[in-house]
Amino acid sequence: MPVEVLALSVFVVIFLLGTLRPVNMGAIALVGAFLVGWLIYDVDVETVLAGFPGSMFVILVGVTYLFGIAGYNGTVEKLVQAAVVTVRGRTGLVPWTMFLVPAALTAVGAAAPAACAIVIPIALKFAAKHRINRVMMSMMVIQGTTAGGFSPIGIYGVIVNDLGDKAGLPNNPGLLFAGTFFTTFVLAGIAFLTLGGRDLMSRRTHSTTTAVTKTVPVTAGSVGGETIVATGGPAENSTGHTAGSGTTSGDANEPTGNGRFSLEQLCTMTGILGVVFMTLVFDLDVGFVSLTIAVALSLIFTKSAQEAVGKVAWPTVLLICGIITYVSLLQDQGTIDWLGSGIADFDAPLLAAIVILFIGAVVSAFASTTALLGVVVPLATPFLLTDQIGVTAFIIALAVSSSVVDCSPLSTMGALAVANAEEDKRSKVFSGLMRWGLSLIIIAPIVTFLVLVLPSAA
């Protein structure tokens, strides 16, 4: 049996074990990467560890740490209230606001994980406060993030258009952006309508001036084979009063209940805005920037730091980093290229097209969409150059199939949604996003093939 088939078979086993047994799938994947690298590929541990996603590790840790501080000291609560004011109490418009904000960020060049990382904690905090389906809110943010990413200056768009130019393929950046934006907008609309959005349209929300809820770390149950340390529900604040009772201490750094920002909240808000500014303007890594600001806040406000460390979603970090390490090993050893080359040799271009669409959807649900686009577009180039299939139509179909599945909780953005959900909702968010992700792995390639690729065939 070819080593490529063996390695892919092990990946299937990893997924099954992590799903059926209460063991962190990321831990299983790391063990699998070690064993496959040693027994099948005959590579050393350094080669295996070279695929560990350090940047994603820092993003997940840095962002959840920073927003753990922001959640504990009441800053996120104030931002949620600001969102209510913006839509003038029309709760049904808030999910669409959470769609458009990350879309605008990625459209002007922000990395998708960075935009999602900034918006998702605020969106889920609002959902928790106003009894909105967390899966729906997560879908709105994630699909909005994807919607802007394929703009001519968006990261996804730049990658696809640049690879097309280098391969000598005709491309239309404007049509690529319009096609992907429209598709994600429709998908967000479906999620909105099927997950409670219609009921929200008649609901109005009024901003309150009650004390900000403070939370303490608790241990959640098993979520997709992982035990998660997360924030709990209403807890007592530092004065011994239950949060929300309207009673606060006289400490200048305590969250205030009168609509004003405390000193700590002002510093935290400045830090969050600093993340946005430094990420967009200076193109700095959102993970390191978030971690730097979180550490700086921790040094100044030590009490919040003690609580926030427990809110870093370590099991989720292990889950995602383990899976991506294994996928990276497959890519490094040529297994993904082997699979793509075999597909490119198909005599039937339409068959090759739909197979590549499925590869894009499946792999992207577990790995980096940015990295995948850099692999799958070149793999499709040989049969695209035969002019038997419309190039622009196929590229749009590939872009959609490879990106809308990012709602999977095993992708960066899906993981951020799970990590930022409340402890008692985290299992439902994980399973809900998994259902959407697995469904889109099947539906997206088929629909885009029938709507875009098939009519363009010569």
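Structure first, text after, so check above.
Report on the accompanying structure. The structure displayed is predicted, hence computed values, not measured ones. Starting from 1, residues in each chain are numbered consecutively following that chain's sequence as written. Local features in this predicted model are restricted to residues whose pLDDT is 70 or higher, and side-chain atom pairs enter the listing and the counts only when it is 80 or higher, whereas totals over whole chains, interfaces and linings include all residues. Note that water and hydrogens are dropped before the side-chain values are worked out from all heavy atoms of the structure.

A short note on the overall build of the protein
Defined as follows: Secondary structure elements are defined from DSSP: runs of H or I of at least 4 residues count as helices, runs of E of at least 2 residues count as strands, and each element is numbered from the N terminus. Here the term buried applies to any residue with accessible area under 20% of the maximum for its type, exposed to any over 50%, and partly exposed to those in between, with areas from a 1.4 Å probe on protein chains only. Contacts were defined at the residue level, with two residues in contact if any of their heavy atoms lie within 4.5 Å.
What the protein contains, in helices and strands, is 21 helices and two strands. Looking at the protein as a whole, 55% of its 458 residues are labelled buried. At a minimum sequence separation of 6, the contacts of the protein that also span at least 24 residues come to 77%.

Remarks on the nonpolar core
For the record, the criterion: As used here, the term nonpolar core means buried Ala, Val, Leu, Ile, Met, Phe, Trp, Tyr and Cys residues forming a set that is joined through side-chain atoms within 4.5 Å.
In terms of nonpolar packing, the biggest core is built from 128 residues, with M137, Y326, F383 and F394 touching the most fellow members. Broken down by element, the residue count for this core peaks at 13 residues, all from helix α7 (residues 112-129). Residue contacts for M137: discarding those within four places in its chain leaves V94, P95, M98, A123, L124, F126, A127 and I132.

Topic: the pattern of salt bridges
A side chain of one charge can pair with a side chain of the opposite charge when the charged atoms of the two come close. The cut-off we apply is this: When a carboxyl oxygen of Asp or Glu lies within 4 Å of a side-chain nitrogen of Lys or Arg, that pair is called a salt bridge.
If you walk through the whole model with that rule in mind, you get one salt bridge. Close ionic contact of R134 with E422 constitutes a salt bridge, the shortest N to O distance being 2.6 Å. Of this pair, R134 sits in helix α8 (residues 134-149) while E422 is found in the loop between α20 (412-420) and α21 (426-456), placing the two residues 288 residues apart along the sequence. Of the two residues examined, R134 and E422, each falls in the buried class.

Focus on the side chain of S298
Here is the rule we go by: By the criterion applied in these results, polar contacts are pairs of N or O atoms within 3.5 Å in which, for protein atoms, one can donate a hydrogen and the other can accept it, and in which residues neighboring in sequence qualify only through two side-chain atoms.
Structurally, the position occupied by S298 is in helix α13 (residues 286-300). A polar side-chain atom of S298 sits 2.8 Å from the main-chain carbonyl oxygen of A294. Among residues more than four places away in sequence, those in contact with S298 are Y65, I69 and A305.

Observations regarding unusual backbone geometry
Non-glycine residue D42 carries a positive phi angle of around 60°. By the secondary structure assignment, D42 is in the loop between α2 (25-40) and α3 (45-49). Unlike most non-glycine residues, R131 shows phi in positive territory, near 55°. Relative to the elements of secondary structure, R131 occurs in the loop between α7 and α8.

Examining the packing of helix α4 (residues 54-72) against α7
We count it as follows: Only the contacting stretch of a helix is used when fitting its axis, a line to C-alpha atoms as for every element, and angles between N-to-C directions run 0 to 180 degrees. Orientation is classified from the angle alone, with under 35 degrees giving roughly parallel, over 145 giving roughly antiparallel, 65 to 115 giving roughly perpendicular, and any other angle giving oblique. By convention, the crossing between two helices is left-handed when the near helix turns anticlockwise from the far helix through less than a right angle, and right-handed when the turn is clockwise. Amino acids are sorted into nonpolar (Ala, Val, Leu, Ile, Met, Phe, Trp, Tyr, Cys and Pro), charged (Asp, Glu, Lys and Arg) and polar (every other residue, Gly among them).
Their axes nearest at 11 Å, the elements α4 and α7 cross at an angle of 30°. The angle between the axes of α4 and α7 places the two elements in the roughly parallel class. As for the relative orientation of α4 and α7, their crossing is right-handed in sense. Contacts between α4 and α7 involve I59, V63 and F67 from the former and P113, A117, I118, P121 and I122 from the latter. A per-class count over the contact of α4 with α7 returns eight nonpolar, no polar and no charged.

None of this, on its own, says anything about what the molecule does.
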